[in-house]
Amino acid sequence: MPKFAANLSFLFTEVPFPERFARAAAAGFTGVEYLFPYDWPAHEVAQWLQSADVEQVLFNLPPGDWAAGERGLACLPQRQGEFAESVEQALDYAMVLDCERVHCLAGLRPAGCDEAMLETTFVANLRHAADRFATIGATVMIEPINSRIDMPGYWLDDVGKGFRLLQAVDRSNVKLQLDLYHAQIIQGDLARTIEANIGDIGHVQIADNPGRHEPGSGEIHYPFLFELLDRLGYTGWVGCEYKPQTTTEAGLGWLRR
Ligand SMILES: O=C(O)C(=O)[C@H](O)CO
Ligand SMILES: [Mg+2]
């Protein structure tokens, strides 16, 4: 069975964020991930990790103005200076939190912008981020996110495009974050996608479809996919990025099977 990380932006939301680390540990998780740590000083987050004795598995680079609807900076030609600053902020947090993985959100497709310009910008930004995070031995993830249900207008909304971009970026520490919930909505064919690209997959996330709830609540047969990941020798983490149908603890039955 793969090793699972609790995504604290989705799970244990019954309690304030600082308390979620201990709740995740008490539920048996040894690693945690979440969207953004930037509302708190890095040393405080490090204290929560240490007190709960859990590993910081992944977090996201700053996304721009999330509350205003922005979903990342990496593809935006006019925001490269801000992107570079966001990389430095995330790098500082990754060092303090001893985190080896960060996810770089691509951004929303701006109106009237040439697609080639967006891709050129994304590739240059990811190369920059990769070279900065390589200084601490960390990996930068890019994640295809569905633009049909969850993130309308998101620029990296195709799984094949994600794997193609890895080739264009050409950095060994840039990998694909395969969120199987998004991949199911985008294209399905999950097992073959995993098998054909296992060497380029740096992180996996799970939720069921439809509804983005616990594994076993929808159409995706996760026991088969977990066995496939094991058989393929996947040693990375699997982030539990789903919305519990009732409470987090009540929804952990799938993990106990
Ligand atoms: O949306 C997702 O699935 C993610 O994992 C992003 O990192 C946050 O939006
Ligand atoms: Mg995800």
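None of the values given here were measured: they were computed from a predicted structure.

Trainee: Explain the overall build of the protein chain to me, please; I cannot follow it from the model alone.
Mentor: Helix and strand counts for the protein chain stand at nine helices and eight strands. A compact globule built from 257 residues should have a C-alpha radius of gyration of about 18 Å, and the protein chain, at 17 Å, falls within 12% of that. Structurally, the protein chain occupies a C-alpha span of about 50 × 40 × 35 Å along its principal axes. Nonlocal contacts in the protein chain, meaning residues at least 24 apart in sequence, comprise 77% of its contacts between residues at least 6 apart. Surface accessibility of the protein chain: about 10,700 Å² in total, with carbon and sulfur atoms responsible for 50%.

Trainee: What's the story with the state of the cysteines in this structure? I'm lost.
Mentor: Each disulfide is one covalent bond, formed between the sulfur atoms of two cysteines. A complete count under the given rule lists zero disulfides for this structure. Not part of a disulfide, Cys 99 finds its nearest cysteine sulfur in Cys 104, a span of 14 Å. Considering cysteine sulfurs only, Cys 75 is the nearest to Cys 113, which forms no disulfide, with 7.7 Å between them.

Trainee: Honestly, the site of ligand 1 in this entry has me stumped. Any pointers?
Mentor: Surveying the vicinity of ligand 1 reveals 13 residues, the closest of which are Glu 143, His 182, Gln 205, Arg 212 and Glu 241. Here ligand 1 loses 95% of its free accessible area of 260 Å² to cover by the protein chains. Looking at the shell around ligand 1 residue by residue, the class counts come to four nonpolar, five polar and four charged.

Trainee: Explain the coordination of the magnesium ion (ligand 2) to me, please; I cannot follow it from the model alone.
Mentor: Geometrically, a metal with four donors at the corners of a regular tetrahedron has ideal angles of 109.5 degrees, and one with six donors at the corners of a regular octahedron has ideal angles of 90 or 180 degrees. Each protein donor to the magnesium ion (ligand 2) is listed here as Glu 143 (OE), Asp 179 (OD), Gln 205 (OE1) and Glu 241 (OE); together their distances run 2.0 to 2.2 Å. Taken together, the six donor atoms coordinating the magnesium ion (ligand 2) span angles of 77 to 174 degrees at the metal, a pattern that classifies the geometry as octahedral. By relative accessible area, Glu 143 is classed as buried at 4%.

Trainee: Explain helix 5 (residues 159-169) to me, please; I cannot follow it from the model alone.
Mentor: In an α-helix, one turn spans 3.6 residues; hence positions three or four apart end up facing the same way. All buried positions along helix 5 are accounted for by Val 159, Lys 161, Gly 162, Phe 163, Leu 165, Leu 166 and Val 169. With a side-chain oxygen lying 3.0 Å from the backbone nitrogen of Gly 160, the N-terminal cap of helix 5 falls on Asp 158. One or two steps after helix 5, the chain reaches Asp 170, where phi turns positive at roughly 55 degrees.

Analysis parameters
Residues numbered from 1 in each chain as written. Chains lettered and ligands numbered in written order. Predicted model: local features only at pLDDT ≥ 70, side-chain atom pairs only at ≥ 80, totals over all residues. Heavy atoms only, no water. Helix = DSSP H or I, 4+ residues; strand = E, 2+ residues; numbered from the N terminus. Rg over C-alpha atoms; globule rule 2.2 N^0.38 Å. Contact = heavy atoms within 4.5 Å. Areas by Shrake-Rupley, 256 points an atom, 1.4 Å probe, with all protein chains shown as cover. Disulfide = S-S within 2.5 Å. Near = heavy atom within 4 Å. Nonpolar A, V, L, I, M, F, W, Y, C, P; charged D, E, K, R; others polar. Donors = N, O, S within 2.8 Å, 3.2 Å for Na, K, Ca; no water. Tetrahedral: all angles 85-135°; square planar, octahedral: opposite > 155°, others 65-115°. Buried < 20%, exposed > 50% of the residue type's maximum accessible area, 1.4 Å probe, protein only. Polar contact = N/O pair within 3.5 Å; in protein donor to acceptor, adjacent residues only side chain to side chain.

Nothing here speaks to function; it is geometry throughout.
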